[in-house]
Amino acid sequence: MRIFDPHIHMTSRTTDDYRAMAAAGVRAVVEPAFWLGQPRTNPGSFADYFDSLIGWEPYRAGQFGIRHHATIALNPKEANDPRCRPVLDLLPRYLDKDGVVAVGEIGYDSMTPEEDEAFAAQLALAVEYELPALVHTPHRDKARGTERTLAVVAESGIGPGRVVVDHLNEVTVAAVHDAGCWMGFSIYPETKMSPPRMVEILKEHGLDRVLVNSAADWGHSDPLLTRATGEAMLAAGFTDDDVDKVLWRNPVEFYGQSGRLDLSDLGPAADTFEGSSIKRGGS
Ligand SMILES: [Zn+2]
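We now turn to the structure provided with this report. Keep in mind that this is a model prediction, so the values were computed, not measured.

**Overview of the sheet that holds strand S3 (residues 67-72)**
Taken in spatial order, the eight strands line up as S1-S2-S3-S4-S5-S6-S7-S8 in an open sheet, and their pairing is parallel. For this open sheet the edge positions go to strand S1 (3-5) and strand S8 (210-213), each flanked by a neighbour on one side alone. Each strand of the sheet is rotated relative to its neighbour by a mean of 25°, with strand direction disregarded.

Here it is as structure tokens:
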């Protein structure tokens, strides 16, 4: 099983995670820029983070045979902090970089006027830089947040096929499907979306325009839940080809729209990767 995790925050994960992911078949990831738990207080802090997402983290991933790309943005939560908003002026420099395959995560956290402004400005950047957009939906008041998200996307003029609306569930999937956007699902260990629930959504809505991710970060999360979802699909009667479409070809198609996705020379097939020699990082 080859797996492309289209949304995972590797900055917060260990080399043990990289090793386990490689053994499970993960061969490519996209790491969206997001908040880091501790609030940042100045744009320089973002610049260092963005540099890490396009420099250090791809190097770290590469040591485990995993290809790493990033998305860059001012996240919705920190868009509310006037000390962070000048980050918007830094973005053009990063949106020009090779390893950057989308603008994201953008969207809503608390649906404030400040978030409205940052969201619209960054969708405009996505149009200008001809990049897809990764849109986070709020975990509170998700239905209203998703509805408002789709309205702002429609207003921006970006093609809906270039937008993934992420962290969906049974309540929000239909509206995103009907809008023509890509549907992102984050599979979590306890709360929210689980592999069995994901399988039911795939049965009902089909496999097109669906991205399944672990969204693993510094909170309670599991970078192997993409694999668990593939196993749950097989157990439910989906074919190997169906699993390959959802866990590999769909993310390749979505992020491929950037024209910057580089999956060349990925090395041995994932299923034979375990046991091969893995270069160690650090000293
Ligand atoms: Zn995220």
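**Points about the coordination of the zinc ion**
Protein coordination at the zinc ion comes from His 7 (NE2), His 9 (NE2) and Glu 105 (OE), with a distance range of 2.1 Å. Read from N- to C-terminus, the donor residues coordinating the zinc ion fall into the pattern H-x1-H-x95-E. With His 7 in the loop between S1 and helix H1 (15-24) and Glu 105 in strand S4 (residues 100-107), the pair connects residues that are 98 residues apart, well separated along the chain. The pair His 7 / Glu 105 is uniform in exposure class, with both members buried.

**Describing helix H10 (residues 240-256)**
With 17 residues, H10 ought to run about 24 Å at 1.5 Å a step, and its terminal C-alpha atoms sit 22 Å apart, in line with that. At Val 246, H10 shows its maximal bend, which comes to roughly 40°. If you check which residues of H10 are buried, you get Val 243, Asp 244, Lys 245, Val 246, Leu 247, Trp 248, Asn 250, Pro 251, Phe 254 and Tyr 255.

**Some remarks on the nonpolar core**
Counting residues in hydrophobic clusters, the biggest one holds 72 residues, and the most contacted among them are Phe 50, Ile 66, Leu 95, Phe 185 and Met 198. Apart from residues no more than four positions distant in its own chain, Phe 185 is found in contact with Asp 166, Leu 168, Asn 169, Val 173, Met 193, Met 198, Ile 201, Val 210, Leu 211, Val 212 and Asn 213. Ala 28, Val 30, Leu 134 and Leu 266 belong to the second-largest nonpolar core, a separate cluster that totals 14 residues.

**What to know about the packing of helix H5 (residues 113-128) against helix H6 (residues 142-156)**
The angle between the axes and the distance between the axes are what describe a pair of packed helices. Where H5 contacts H6, the axes come no closer than 10 Å and their chain directions differ by 45°. What the angle tells us is that H5 and H6 run oblique. Of the two elements, H5 crosses H6, and the hand of that crossing is right-handed. Where H5 abuts H6, its residues Asp 116, Phe 119, Leu 123 and Val 127 lie against Arg 148, Thr 149, Val 152, Val 153 and Ser 156. Looking at the contact of H5 with H6 residue by residue, the classes come out as five nonpolar, two polar and two charged.

**Focus: the layout of surface pockets**
If you add up the space inside the largest pocket, you get close to 240 Å³. Taken together, 16 residues line the largest pocket, and the ones lying closest to its centre are His 139, Tyr 188, Lys 192, Ala 215 and Asp 217. Taken together, the residues of the lining of the largest pocket break down into five nonpolar, eight polar and three charged.

**Considerations on unusual backbone geometry**
With an omega of -5°, the peptide bond between Gly 104 and Glu 105 qualifies as cis. Of note, the phi angle at Asp 265 is positive, near 50°, even though the residue is not glycine. Within the secondary structure layout, Asp 265 lies in the segment after H10. For Asp 265, a relative accessible area of 73% puts it in the exposed group.

Criteria and cut-off values
- Residues numbered from 1 in each chain as written.
- Predicted model: local features only at pLDDT ≥ 70, side-chain atom pairs only at ≥ 80, totals over all residues.
- Heavy atoms only, no water.
- Pairing = 2+ DSSP bridges.
- Helix = DSSP H or I, 4+ residues; strand = E, 2+ residues; numbered from the N terminus.
- Axes fitted to C-alpha atoms, helices over the stretch in contact; angles between N-to-C directions.
- Donors = N, O, S within 2.8 Å, 3.2 Å for Na, K, Ca; no water.
- Buried < 20%, exposed > 50% of the residue type's maximum accessible area, 1.4 Å probe, protein only.
- Expected span 1.5 Å × (residues − 1).
- Bend = angle between axes of the 7 residues up to and from the residue.
- Core = buried A, V, L, I, M, F, W, Y, C linked by side-chain atoms within 4.5 Å.
- Contact = heavy atoms within 4.5 Å.
- Parallel < 35°, antiparallel > 145°, perpendicular 65-115°, else oblique.
- Left-handed = near helix turned anticlockwise from the far one by under 90°.
- Nonpolar A, V, L, I, M, F, W, Y, C, P; charged D, E, K, R; others polar.
- 1 Å grid on protein atoms, 1.4 Å probe; cavity = no way out; pocket = protein on both sides within 12 Å on 5 of 7 lines; lining within 4 Å.
- Points joined across faces, edges and corners; volume = space filled by probe spheres on them.

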